[in-house]
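Survey of secondary and tertiary structure
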Amino acid sequence: MGNLYHYTCFDALIGILKKEHLCFWGSRYDSMNDPTEVIYARDIVLPALIDSLKGTDREWETKEVEDVYAYIVSFSRKEDDFNMWRLYNAEVALVVEKNDLSEAKIGTDEQENSNLPPQKVTLKEVEYANDENVPQVAVKLFNDSDDRHETSIETFCCEVFPFIKNEAYSIEEEVRIVCLDNTGATASYNNGKPSIVDTEMPRNVKCRGSRKGSILLYKEFLVKKEALKKIVVRTHDNNYFEKVKKQLRVLLVSNGYKADLPIERTKSFKFIETK
């Protein structure tokens, strides 16, 4: 299925290149930079879906709304792309095999009940929409989904809403791996919009502080080391690149990655060499 790019910084890279596996941090949707994550599509589609079920033999589905708390790791189909370097303020890009991402596991807490089933991870390309065609895009994702849940509302919350973004972000060509924490919650309505009480009982959620003065929630997505195919470094300076390349080689080898893993300098920036 090809390679995907994960644009990130050196600090995050050190945390990703674990000895046992690649460890990506999947932020909960309300901890991400885009304030419309998940709720953009949900707030447009969900009221209409609920209205369509009223008066039918499936009206019982509307009595409780299954909210979804999506934890998301972002990748891009764009190879060594100038806009992606800029948007993510990235210093390196990890090139990973897309097939291997579908086998990602969620890191577990030591206190977790071992009798609980493993948490499901979904790999899917993001669909981009505007206010007018969000319903059509949502229906397409729903129909294409192989994983149907107990109710249509739950399926939309789990398989559709985390994979729709505003078309303004379409240049990212994003592919996501997503893990969900779901909780049944009684909904109230204000002018046709659902208001859902946050009663989440999370599993394997970790916390870190933000420089903006808030707490960010995330899960660890563990991917086998063989998925890493290449590292690309953002720099124009050849001397700096050679220094970083040697440092990266030490980091890789000390953590058991292939000694000959390709490390390249970005080719997406145009610049003039001077003597």
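Note that this is a predicted model, so its numbers are computed, not measured.

Definitions and cut-offs
Residues numbered from 1 in each chain as written. Predicted model: local features only at pLDDT ≥ 70, side-chain atom pairs only at ≥ 80, totals over all residues. Heavy atoms only, no water. Axes fitted to C-alpha atoms, helices over the stretch in contact; angles between N-to-C directions. Helix = DSSP H or I, 4+ residues; strand = E, 2+ residues; numbered from the N terminus. Parallel < 35°, antiparallel > 145°, perpendicular 65-115°, else oblique. Left-handed = near helix turned anticlockwise from the far one by under 90°. Contact = heavy atoms within 4.5 Å. Nonpolar A, V, L, I, M, F, W, Y, C, P; charged D, E, K, R; others polar. Buried < 20%, exposed > 50% of the residue type's maximum accessible area, 1.4 Å probe, protein only. Arc of directions from axis to C-beta. Polar contact = N/O pair within 3.5 Å; in protein donor to acceptor, adjacent residues only side chain to side chain. 1 Å grid on protein atoms, 1.4 Å probe; cavity = no way out; pocket = protein on both sides within 12 Å on 5 of 7 lines; lining within 4 Å. Points joined across faces, edges and corners; volume = space filled by probe spheres on them. Phe/Tyr/Trp six-rings, centres within 6.5 Å; stacked < 30°, edge-to-face > 60°. Lys NZ or Arg CZ within 6 Å of the ring centre and 35° of its normal.

Before going further, it helps to examine the packing of helix α2 (residues 39-53) against helix α6 (residues 152-159). Their axes nearest at 11 Å, the elements α2 and α6 cross at an angle of 165°. By the angle class used here, α2 and α6 are roughly antiparallel. Between α2 and α6 lies a crossing of right-handed hand. Packed against α2, whose contacting residues are Val45, Leu46, Leu49, Ile50 and Leu53, the element α6 presents Ser152, Ile153 and Phe156 at the interface. Taken together, the residues of the contact of α2 with α6 sort by class into seven nonpolar, one polar and no charged.

What follows deals with helix α5 (residues 134-144). Looking at α5, one finds that the buried residues are Val134, Val137, Ala138, Leu141 and Phe142. Viewed end-on, α5 has its buried residues packed into an arc of 140°, placing them on one side of the element.

Looking at where Asp80 falls in the secondary structure, it is placed in the loop between β3 (65-76) and α3 (82-87). Assessed through its relative accessible area of 13%, Asp80 is described here as buried. Once the C-alpha coordinates of Asp80 and Arg234 are considered, the two residues, 154 residues apart in sequence, prove to be 9.1 Å apart. Looking at Asp80, its side chain comes within polar contact range of the side chain of Thr266, at 2.6 Å. A distance of 3.3 Å separates the side chain of Asp80 from the side chain of Ser268, its partner in a polar contact.

Our next topic: the environment of Glu125. Of note, Glu125 is situated in strand β6 (residues 121-125). According to the relative accessible area criterion, Glu125 is partly exposed, its value standing at 34%. When the C-alpha positions of Glu125 and Ile177 are compared, they lie 8.9 Å apart, and in sequence the two are 52 residues distant. Here Glu125 is in contact with Arg77, Lys98, Phe163, Glu174 and Val175, once residues within four sequence places are set aside. Of note is the side chain of Glu125, whose polar atom sits 3.3 Å from the side chain of Lys98.

A few words now on the layout of surface pockets. The space that makes up the largest pocket amounts to roughly 1,500 Å³. The wall of the largest pocket is formed by 38 residues, among which Ser27, Ser31, Asn33, Tyr88 and Arg208 lie closest to the centre. Elements with a minimum of two residues in the lining of the largest pocket: β1 (3-8), α1 (10-16), β2 (22-28), β3 and β12 (206-209).

Next up on the list: the packing of aromatic side chains. This model, assessed by the stated rule, comprises seven aromatic pairs. For the ring pair Tyr7 and Trp85, a centre distance of 5.1 Å and an interplane angle of 85° mean the geometry is edge-to-face. Taken together, the residues Tyr7 in strand β1 and Trp85 in helix α3 connect sequence positions 78 residues apart. A relative accessible area of 0% means that Trp85 is categorised as buried. On the basis of an interplanar angle of 75° and a centroid distance of 5.3 Å, the ring pair of Phe24 and Phe75 is categorised as edge-to-face. Remark: Phe75 occurs in strand β3 and Phe24 occurs in strand β2; sequence separation between them is 51 residues. One aromatic cluster is present, formed by Tyr5, Tyr7 and Trp85 through successive ring pairs. Cation over ring: Lys225 sits above Tyr257, and NZ or CZ is 4.7 Å from the ring centre.

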